[in-house]
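Below are the chains, spelled out letter by letter.
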Amino acid sequence: MSQLVTIYGGSGFVGRYIARRMAKAGWRVRVAVRRPNEAIFVKPYGVVGQVEPVLCNIRDDASVAAVMHGADAVVNCVGILAPNGRNTFDAVQAEGPERIARIAAEQGITRMVHVSAIGADMDSDSDYARTKAEGEAGVLKHQPDAMILRPSIVFGPEDEFFNRFAGMTRVSPVLPVVGAKTLFQPVYVDDVARAAVKGVTGDASGVFELGGPAVMSFRQLMVQMLDVIRRRRLVLNIPFWAARVMAFGFDMLQAVTFGLVRNGFITRDQVRNLRRDNVVAEGAQGFDALGIKPVAMASVLPEYLWRFRPSGQYDAIKESARNLRSS
């Protein structure tokens, strides 16, 4: 019988790519999610019955243990950008990973991959960064040979970064950004999945910081995106002091409405994170140590951002027609 991997958050942005690669490698894949009916799209990643979404709440021991039973390896991809109700940073990013690692150890599972983030820091004033670090420590406490992946900002067809800002260009002549000079090292989502596979199969362990070939500022990323979607917009930097005021207002609105109105713009914690560069640290293990050559961002963005061009899929045809008329 083929080996089995349980992927917590396996229908999410990064998780689905890991699930697809594990299925292609012949593994049975158990995709542990809160809403299995919304994760049916993972089933065609393999043959009938090879990839199955199952119900799981990583805040509950029994739930985590049930979907892990019989697995040969586990992967944790669960993370949040902002808290919502019981899904707080501490519950999801600190306690959740440790729970998975502890129960895996109790079940005799020794192969674990945990997807964290660059910038994880126990002493950070950001709850996001602090809980990411606490989650890593919890995993290594019970799974000392685990693989910890710390990607920079992840891009790909389903990302919430380039898609979000490209969508804004449809309705606004201005692209507001907080921390225009902050540096990022965008990494392709399938490259992260390739790294995770090496941890699942036992070919690698340890902490790896994952960044793509290019280091660019927030402003430079927006300029490149605008070039891909062939739109001209003003990239406007919002000073950190102004961003803090805005974020406070949005956070308070969510609080006074008891979460009925979600802060989908920017939170105070996100502002704190944007003050720090998000790049691979000097001397850190990365793709080189895994024998992986990361894909360049410029070769991927046009494949999924074309729909934000003024004429969508017909934009290139119209441009060619204009060139013919002018020649």
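Everything discussed here concerns the structure shown above.
No experiment lies behind these values; they were computed from the predicted model shown.

Parameters and conventions
- Every chain is numbered on its own, with residues counted from 1 as its sequence reads.
- Reporting in this predicted model follows two pLDDT cut-offs: at least 70 for local features of residues, and 80 or more for side-chain atom pairs to be given and counted; totals over whole chains, interfaces and linings ignore these cut-offs and use all residues.
- Think of the side-chain values as coming from all heavy atoms in the structure, minus any hydrogens and water.
- Side-chain atoms within 4.5 Å are what join buried Ala, Val, Leu, Ile, Met, Phe, Trp, Tyr and Cys residues into a set we call a nonpolar core.
- When a residue's accessible area, from a 1.4 Å probe over protein chains only, is under 20% of the maximum for its type it is buried; when over 50% it is exposed; and in between it is partly exposed.
- In what follows, residue pairs with any heavy atoms lying within 4.5 Å of each other are defined as contacts.
- In this analysis an axis means a line fitted to C-alpha atoms, helices contributing only their contacting stretch, and an angle means the value between N-to-C directions, from 0 to 180 degrees.
- Helix numbering and strand numbering both begin at the N terminus, where a helix is a DSSP run of H or I of at least 4 residues and a strand a DSSP run of E of at least 2.
- Roughly parallel means an angle under 35 degrees; roughly antiparallel, over 145; roughly perpendicular, 65 to 115; everything else is oblique.
- As a working rule, the residues Ala, Val, Leu, Ile, Met, Phe, Trp, Tyr, Cys and Pro are called nonpolar, Asp, Glu, Lys and Arg charged, and the rest polar, with Gly in that last group.
- The distinction between a cavity and a pocket rests on a 1 Å grid over the protein atoms alone: a 1.4 Å probe fits inside a cavity but cannot get out, while a pocket stays open yet meets protein on both sides within 12 Å along at least five of seven lines, and a residue with an atom within 4 Å of a point counts as lining.
- Grid points are joined across faces, edges and corners, and a volume is the space filled by probe spheres set on the points.
- Here the expected span of a helix is defined as 1.5 Å times the quantity of residues minus one.
- When charges are counted, Lys and Arg contribute as positive and Asp and Glu as negative, whereas His and the chain ends are disregarded.
- The rule for a salt bridge is simple: a side-chain nitrogen of Lys or Arg has to be within 4 Å of a carboxyl oxygen of Asp or Glu.
- Under the rule applied, a polar contact is a pair of N or O atoms within 3.5 Å (in protein, one hydrogen donor and one hydrogen acceptor; residues adjacent in sequence only if both atoms are side-chain atoms).
- Here the aromatic set is Phe, Tyr and Trp, taking the six-membered ring for Trp, and pairing holds for ring centres within 6.5 Å; pairs whose planes are under 30 degrees apart are stacked, those over 60 apart are edge-to-face, and all others are tilted.

1. A word on the nonpolar core
Counting residues in hydrophobic clusters, the biggest one holds 72 residues, and the most contacted among them are Phe-162, Met-222, Met-225 and Leu-305. Among all residues touching Met-222, those that are not within four sequence positions of it are Phe-161, Phe-162, Phe-165, Leu-175, Val-177 and Val-235. Listed in part, the 25 residues of the second largest apolar core include Ala-32, Cys-56, Val-139 and Ala-146.

2. Some thoughts on the packing of helix H3 (residues 89-106) against helix H4 (residues 127-142)
Two numbers describe how H3 lies on H4: the axes approach to 8 Å, and their chain directions differ by 10 degrees. One finds that H3 runs roughly parallel with respect to H4. Contacts between H3 and H4 involve Phe-89, Asp-90, Gln-93, Ala-94, Pro-97, Glu-98, Ala-101, Arg-102 and Ala-105 from the first element and Asp-127, Tyr-128, Arg-130, Thr-131, Lys-132, Glu-134, Gly-135, Gly-138, Val-139, Lys-141 and His-142 from the second. Classifying every residue of the contact of H3 with H4 gives seven nonpolar, five polar and eight charged.

3. Here we look at unusual backbone geometry
At Arg-230, a position not held by glycine, the phi torsion is positive, near 60 degrees. Tracing the chain through its elements places Arg-230 in the loop between helix H7 (218-229) and strand S13 (234-238).

4. A closer look at the layout of surface pockets
What the second largest pocket holds in volume is close to 260 Å³. In this structure, the second largest pocket is lined by 16 residues; those nearest its centre are Pro-83, Phe-89, Asp-251, Thr-267 and Asp-269. Every element with two or more residues in the lining of the second largest pocket is listed here: H3, H4, helix H8 (240-256) and helix H9 (268-274). With three residues, H9 is the largest single contributor of residues to the lining of the second largest pocket. In terms of residue class, the lining of the second largest pocket is made up of four nonpolar, four polar and eight charged.

5. Comments concerning H7
Taking 1.5 Å per residue as the helical rise, H7 with its twelve residues ought to reach 16 Å, and the 17 Å between its terminal C-alpha atoms agrees with that figure. Two residues or fewer past H7, Arg-230 is found with a positive phi of approximately 60 degrees.

6. Focus on the side chain of Arg-30
Counting through the fold element by element, Arg-30 comes out in strand S2 (residues 28-33). For the buried Arg-30, no salt bridge is present, and the opposite-charge side chain at shortest range is Asp-72, 8.9 Å distant. Among the polar contacts listed, one links the side chain of Arg-30 to the backbone oxygen of Val-67, at a separation of 2.7 Å.

7. Here we look at the pattern of salt bridges
In this structure the tally under the stated criterion is 15 salt bridges. Glu-136 is the partner of Arg-150 in a salt bridge, and the nearest nitrogen-oxygen pair spans 2.7 Å. Residue Arg-150 is found in strand S6 (residues 147-151), and its partner Glu-136 is found in helix H4; the two are separated by 14 residues along the sequence. Judged by its relative accessible area of 5%, Glu-136 falls in the buried class.

8. Some details on the packing of aromatic side chains
Counted according to the given criterion, the structure contains ten aromatic pairs. Taken together, a centroid distance of 6.4 Å and an interplanar angle of 90 degrees make the contact between Phe-13 and Tyr-17 edge-to-face. Taken as a pair, Phe-13 and Tyr-17 lie in helix H1 (residues 13-24) at a separation of four residues, close to a single helical turn. Look at Tyr-17 and you get buried, because its relative accessible area is 7%. Centre to centre, the rings of Phe-250 and Phe-265 are 4.7 Å apart; their planes meet at 20 degrees, and the pair counts as stacked. Within this pair, whereas Phe-250 is found in helix H8, its partner Phe-265 is found in the loop between H8 and H9, the two being separated by 15 residues in sequence.

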